[in-house]
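Here are the chains, one letter per residue:
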Number of protein chains: 2
Amino acid sequence: MEITNDTADEMWLRASVMMRRANHQTFEVNVDATGEDAVSLRLRSEIVQWLRAPLVSDSAHATVILRTVTAQVADGLKLEGPAADEGWHIHVPALSEHEKGKSSDPVIIESPSTRGLLYGFYAWLEGAVPSASMKPQDKISSPDQPIRMLDQWDQSDGSVERGYAGESIFYGRWGSNVHSEFVNFPDRGAQDVFRGDTDRLIAYARFCASVGINAICLNNVNVRGYAIRFIQDPWLSRVAQIAHIFESFGLSVFLSVNFAAPRIISGLSTLDPCNSDVQQWWDKTVDRIYERIPHFGGFVVKADSEGEPGPYQYGRTHADGANMFARALARHGGTVIWRAFVYNSHTDWRDRSAAADRARAAWENFHDLDGKFAKNAVLQVKFGPVDFQTSEPLNPLFFAMKHTNLIMEFEVTAEYLGHQIDLNFPLPQWEQMASWLVEKNVPVSKTLGLYAPNPQLTGFAAVSNVGMDWNWTGNPLAQANLFGYGRFCWDNNIPTTSVSEQWSALTFPRCDQDHQKTIARMLDQSNEIYKHYAAPLGVGFMVNRDGHYGPGPDDYEFSRWGTYHFADRDGIGVDRTQSNGTGYVGLYPEKQAKMFENPNTTPDDVLLFFHHLPYAFRMKDGRSLIQRIYDDHFEGAARVEDLIRQWNSCKKFVDECRWKEVSHRLLLQQANACEWRDEMCTFLYRFSGISDEHGRKINR
Amino acid sequence: MEITNDTADEMWLRASVMMRRANHQTFEVNVDATGEDAVSLRLRSEIVQWLRAPLVSDSAHATVILRTVTAQVADGLKLEGPAADEGWHIHVPALSEHEKGKSSDPVIIESPSTRGLLYGFYAWLEGAVPSASMKPQDKISSPDQPIRMLDQWDQSDGSVERGYAGESIFYGRWGSNVHSEFVNFPDRGAQDVFRGDTDRLIAYARFCASVGINAICLNNVNVRGYAIRFIQDPWLSRVAQIAHIFESFGLSVFLSVNFAAPRIISGLSTLDPCNSDVQQWWDKTVDRIYERIPHFGGFVVKADSEGEPGPYQYGRTHADGANMFARALARHGGTVIWRAFVYNSHTDWRDRSAAADRARAAWENFHDLDGKFAKNAVLQVKFGPVDFQTSEPLNPLFFAMKHTNLIMEFEVTAEYLGHQIDLNFPLPQWEQMASWLVEKNVPVSKTLGLYAPNPQLTGFAAVSNVGMDWNWTGNPLAQANLFGYGRFCWDNNIPTTSVSEQWSALTFPRCDQDHQKTIARMLDQSNEIYKHYAAPLGVGFMVNRDGHYGPGPDDYEFSRWGTYHFADRDGIGVDRTQSNGTGYVGLYPEKQAKMFENPNTTPDDVLLFFHHLPYAFRMKDGRSLIQRIYDDHFEGAARVEDLIRQWNSCKKFVDECRWKEVSHRLLLQQANACEWRDEMCTFLYRFSGISDEHGRKINR
């Protein structure tokens, strides 16, 4: 079959969002979620949309009951944990009874909450499709993380910071906006930055709900231009329209705010979070937002980082800053999410002191504040101490802050991971990070909710990867990353293979099972392949500084960003040991610190993150450090050819449109992988003078 | 005295352009240039403007006669060479006669042309000021180069490519345009890209004339956006208005055109220069231009370079391309100027073959075409084979193309020379390049006119450095570069010191002579100082690729631009020898080739341009290569402190506004010089492992 560009994105919605009608069933639906709240209304609308009369007339018949249950019943079903309310139970009777048309057992979907019912309904739809029949099942599920959030880095000018799939689906440059479905905005000129493509927003909200995402922040954390004024009319009324769409799919809606908004909007002379004028300004602002968006989630704030304003310039702490917002929001049940991505972005590369080690920054800025944040404040901490590199150790704040609500932050958009040109399904890396043990046998994914003052306010957040591209994500296969992120938030230990196979089956329903699995295998291998050719052994930031795609071995070496590799004629890597280096290792508890202090016990993939080592250093597998780097880069580049072969084998099973788009990108990836291999090998050969043991060509 | 921002640019016009009234003279003027041509009209207007009744009543009295003379008389005056027509003779009688008020000898200014009369008038004004008295003199002068051109890299969106002094004085973004003095443009919207600040354009044209510039190209050689349509109405009518201003000051006006204009504007399916449809398109276009601008100079064309379209894609040569324009222009006496800056901008850094050596590119593309260009075609060749670096050898095309009209191209704007932040008066470098001997005792500045098919169509061109900044050039002292360029075009051997002193005296008239000389000394030293700290020994292109300011030792190393240093643990530099390298050396005549083939006879400042040498290589002065590089960088950075000390000593003699502006930039230069020193030393130390002999700190 051929699918044209025109139909392809609808197809993705229908397949990847798992919303296709079961062909051989007629359903009589019985919903006791009869509330008039937005989610109940949406649920009924979804039922009507997806369970209307079948195309095939000789279909069987079934009754489906969707019902909310009491906490007691939920306990009986073993829906447990801080997010038990959002779990569900599905009971599907044996197929044979239906076939006979005489079953009296209905399909039952139940949950303590309407939101959970929505998730259960999508889960059941997914189970019913594509097998086109109902297998008997009795299944319960509840999410591991209470907060399962997406951050849009969409900007009011229509661009998306670190977006690789076209313009924003939320905002657009004046002239590129649609506005076909929005009510009037007072100013139809440049101030009206909203794209107004309601269909697309509904599709996105549905997708989010279908994979269990329950919170979204609508704008970039670097809040510029008109986005600063989103908290005010007339922008606020348009934000409210968007919020109502997402809320109806069970997502709490957040806005990023600019710490300097009181000055920028109202000319206040101070932004001191302890100043009562400033506090009152935010109180009033928050009140006004809740008038328009009664279930508003709250604010996301990036302060005192990369040039953004913040509490430091008033001699206040980040807790002071966060608590100002928390107080204003608490009166309405809202939450402030405060980003821990705070560091000195004017580092002097000459400064080799501990203070200049960027990896220490989040810890230095925040560990003292543990316990000082309000109950409705959440600290959002990137998984690693630097910035979403291909390999990083766990951010030590996750060990240090046990009296603070924490969100662990990921990046679905492929900023350092190949820009959705190179295939890179990062679920293996996310799972590796989430399963770091913070205590004996207790991974960070669990400790988040164990100690927090308010376990409901812990979870995961990630930067989204969608844009106006016909397939939403630039690379059609990068849809899997968004899908996988939702699955991962719900089940922190879900096997990569299971997610990739689910996604592949749902997205390529006309592909045979073997080739669906081929595509799943491509996804499964992709993160490791990319890691092999892009920067060696955790040293990080050897990327091209023009956007972070492709190699730039020295691009950050003499920069102000604090990310260096220190390669010289003798060795490479950053010494972060306590004995000789920046002492970063000492920020971890004793056991971890001991492991990282010694290069022989440091995991290979963060070896150069912790140590500056000679090129002849013996790795655990007996290879020299330089040989291992050469090997990794040659292997990574070679394995891209495998990906191409695998994809070629799928040609006749995949619609031409998507097949060509992916093929084109795989060729770009191949060129990129070769460039990485060649630049990195030459770069290090020029320093080391050591040839490849296997005699492969390294340019001089 | 204090000068505010408001008055400062007017001040610059008046001082630097040398147009101030002589305070103690009353003049009776007698002009026989009574023509109605634009230059005659302008000359009379200038006389009225600058010689009107004196402010001081007890003034002396003099008669000034301005007259054109016949060729015979000019011969008698020894006005010689291809540009003799533009020369002048000034006779000023002894002062005493005037003081007595009884002189019968008039001041005489004479020239074979009205243009020369204008130059002579300005030269006399300059001589009369600032001494405020007329010293007796009898002086003749004629320019060395017939073409003395400025290229504006101003773009129709108001930006200036490689501009460091604000927006374009010619064009502006819609909304930033002035249009106060232009006649109506049909579209007052985005298409009307003309700034319309006539006062400023007149001031600029006057400045150009006052230093002898006689040609200008109004738009960037990379012709984009509406600039493609400047050759058509309604844009053409606005261009004509600008042209008339510049023509009245004796400048021929050129436009850069896009080779693909017939396709872009009229949808022609081919751009083949030998196709008659294309030729006719250009014929008609040229006819239309000459209807509006009867003395139009012609076109400047960049083709087949850095992504610009050109004749190659139709299997034609650059001569074919140039001659198509030449033919169309010849019918009206116009000229096409064809840029030789043609190279493959998609070089593979892995390719070490001769063909990939960018230094060979201009020669490879053009040397075969010598003698094949039309008589009214000119080939514009950058002074060096790469791109306006701090040190380059002479472009070998100047040896090879003796049957082609050549322009030697310079850059007044400080693209690689410090962005008009760092002080850099490049006259010493220009003179060095212009005095390269092409034949025994004959420098390139002379051979240009010796062999050309049309010696009138040879000369110098340079990219201008002006913008909308209050002082025109960002750094007030960078005005000297534009002034110096004019002086240099006129007199290729004018001593640097004389130019800097002239400029300083004219620009800082209220400064005492000692401090005027201090400022001149700062200028004189500045080019060498910059060269010391920015990239070693001619290797070039170790600049930051984000705009070319500051160091980026590896920024171009793995790029597609063909500019590499090949530093490794053993040595640095590009081997361009015939014996071992790319053979570039062989493009020079035997004598030069022999010199460059041997590192011991290659001049130090292009040593690494020609040779890849070990760090321990012994330089002519006995130092090792690496020690010389360390020394240069330390010395360069240290000497910036000298500049600061010198400038500080001028504080009370210079208006506060300019003093602060320069001071601020000197501090930025100091930081930049230290950054260059530290990055370059560390970069090479990490490769070489060799410490500084003098024990100065090099970061590890």
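### Digging into the overall build of chain A
Along its length, chain A carries 21 helices and 17 strands. Taking 27 Å as the expected radius of gyration for a compact globule of 700 residues, we find that chain A reaches 26 Å, a close match to that expectation. C-alpha extents for chain A along the principal axes are approximately 80 × 65 × 55 Å. Residue pairs at least 24 apart in sequence account for 73% of intrachain contacts in chain A once pairs closer than 6 positions are excluded. Here chain A displays about 24,600 Å² of accessible surface, and carbon together with sulfur accounts for 49% of that area. In chain A, which carries 69 positive and 88 negative side-chain charges, the distance between the mean positions of the two groups comes to 1 Å.

### Description of the pattern of salt bridges
This structure, assessed with the given rule, holds 90 salt bridges over all chains. Where Arg360(A) meets Glu364(A), a salt bridge forms, and the shortest distance between an N and an O atom there is 2.8 Å. Between Arg623(B) and Asp621(B) there is a salt bridge, with its nearest N and O atoms 2.8 Å apart. When salt bridges that share partners are traced, they join Asp348(A), Arg350(A), Glu675(B), Arg677(B) and Asp678(B) into one network.

### Remarks on the interface of chain A and chain B
Facing the 27 residues of chain A at the interface are 27 residues of chain B. Summed over both sides, the interface between chain A and chain B buries roughly 2,400 Å², with carbon and sulfur atoms accounting for 44% of that surface. Where chain A meets chain B, there are 10 salt bridges. Run the count over chain A and chain B and you get 23 residue pairs in polar contact (both at pLDDT 80 or more). Residues belonging to the side of chain A that touches chain B are distributed by class as follows: eight nonpolar, five polar and 14 charged.

### Observations regarding the domain arrangement of chain A
All names here are of chain A. Domains assigned within chain A are domain 1 (13–141), domain 2 (147–498) and domain 3 (536–574 + 612–688). Facing the 31 residues of domain 2 at the interface are 26 residues of domain 3. Together domain 2 and domain 3 conceal approximately 2,400 Å² of surface at their shared face, both sides included; 61% is due to carbon and sulfur atoms. The largest per-residue losses of area from domain 2 upon contact with domain 3 belong to Trp349, Ile421 and Trp470, which jointly make up 24% of the total buried on that side. Remark: the boundary between domain 2 and domain 3 carries zero salt bridges. Taken together, the links from domain 2 to domain 3 amount to 13 residue pairs in polar contact (both at pLDDT 80 or more). Looking at the side of domain 2 that touches domain 3, its residues break down into 10 nonpolar, 12 polar and nine charged.

### Describing the relation of the copies chain A and chain B
For the pair of chain copies, the relating transformation is a rotation about an axis with a translation along it. Least-squares fitting of chain A to chain B yields an RMSD of 0.0 Å, with the superposition described by an axial translation of 0.1 Å and a rotation of 180°. Look at the turn and shift together and you get a two-fold axis relating the two. Most of the interface of chain A is mirrored in chain B: 100% of its interface residues are interface residues there too.

### Structural notes on unusual backbone geometry
Glycine aside, a negative phi is what most residues show, and trans is what most peptide bonds show. Residues and elements named next belong to chain A. For the peptide bond that leads from Asp233 to Pro234, omega is 0°, which places it in the cis range. Position of Pro234 relative to the elements: it lies in the loop between β7 (215–217) and α7 (235–248). Even without being a glycine, His419 presents a positive backbone phi close to 55°. Here His419 is to be found in the loop between β12 (405–411) and α13 (427–434). Here the phi dihedral of Phe566 falls at roughly 55°; this positive angle occurs in a residue that is not glycine. Position of Phe566 among the secondary structure elements: in the loop between α17 (513–533) and β16 (571–572). Taking relative accessible area as the criterion, Phe566 reaches 10% and is therefore assigned buried.

### As for α13(A)
Since the α-helix advances by 3.6 residues per turn, residues separated by three or four positions end up pointing in the same direction. For α13(A), the tally of buried residues reaches six of eight residues, placing the bulk of the element in the interior. For α13(A), the complete set of buried residues consists of Leu427(A), Gln429(A), Trp430(A), Glu431(A), Met433(A) and Ala434(A).

### Some thoughts on the sheet that holds strand β15 (residues 459–463) of chain B
Residue and element names in this part refer to chain B. Within the closed barrel, the eight strands sit side by side as β6-β7-β8-β9-β10-β11-β12-β15. Their pairing is parallel. Recorded for the sheet is a direction-independent mean angle of 25° between the axes of neighbouring strands. Alignment of strand β12 (residues 405–411) against β15, held across five bridges, turns out to be parallel. Bridging across to β15, Ile407 finds its partner in Gly459.

Conventions and cut-offs
- Residues numbered from 1 in each chain as written.
- Chains lettered and ligands numbered in written order.
- Predicted model: local features only at pLDDT ≥ 70, side-chain atom pairs only at ≥ 80, totals over all residues.
- Heavy atoms only, no water.
- Helix = DSSP H or I, 4+ residues; strand = E, 2+ residues; numbered from the N terminus.
- Rg over C-alpha atoms; globule rule 2.2 N^0.38 Å.
- Contact = heavy atoms within 4.5 Å.
- Areas by Shrake-Rupley, 256 points an atom, 1.4 Å probe, with all protein chains shown as cover.
- Lys, Arg positive; Asp, Glu negative; His and termini not counted.
- Charge placed at Lys NZ, Arg CZ, Asp CG, Glu CD.
- Salt bridge = Lys/Arg side-chain N within 4 Å of Asp/Glu carboxyl O.
- Buried area = accessible area lost by both parts, 1.4 Å probe.
- Polar contact = N/O pair within 3.5 Å; in protein donor to acceptor, adjacent residues only side chain to side chain.
- Nonpolar A, V, L, I, M, F, W, Y, C, P; charged D, E, K, R; others polar.
- Domains from an automatic or database assignment.
- Least-squares fit on C-alpha atoms with pLDDT ≥ 70 in both.
- Buried < 20%, exposed > 50% of the residue type's maximum accessible area, 1.4 Å probe, protein only.
- Pairing = 2+ DSSP bridges.
- Axes fitted to C-alpha atoms, helices over the stretch in contact; angles between N-to-C directions.

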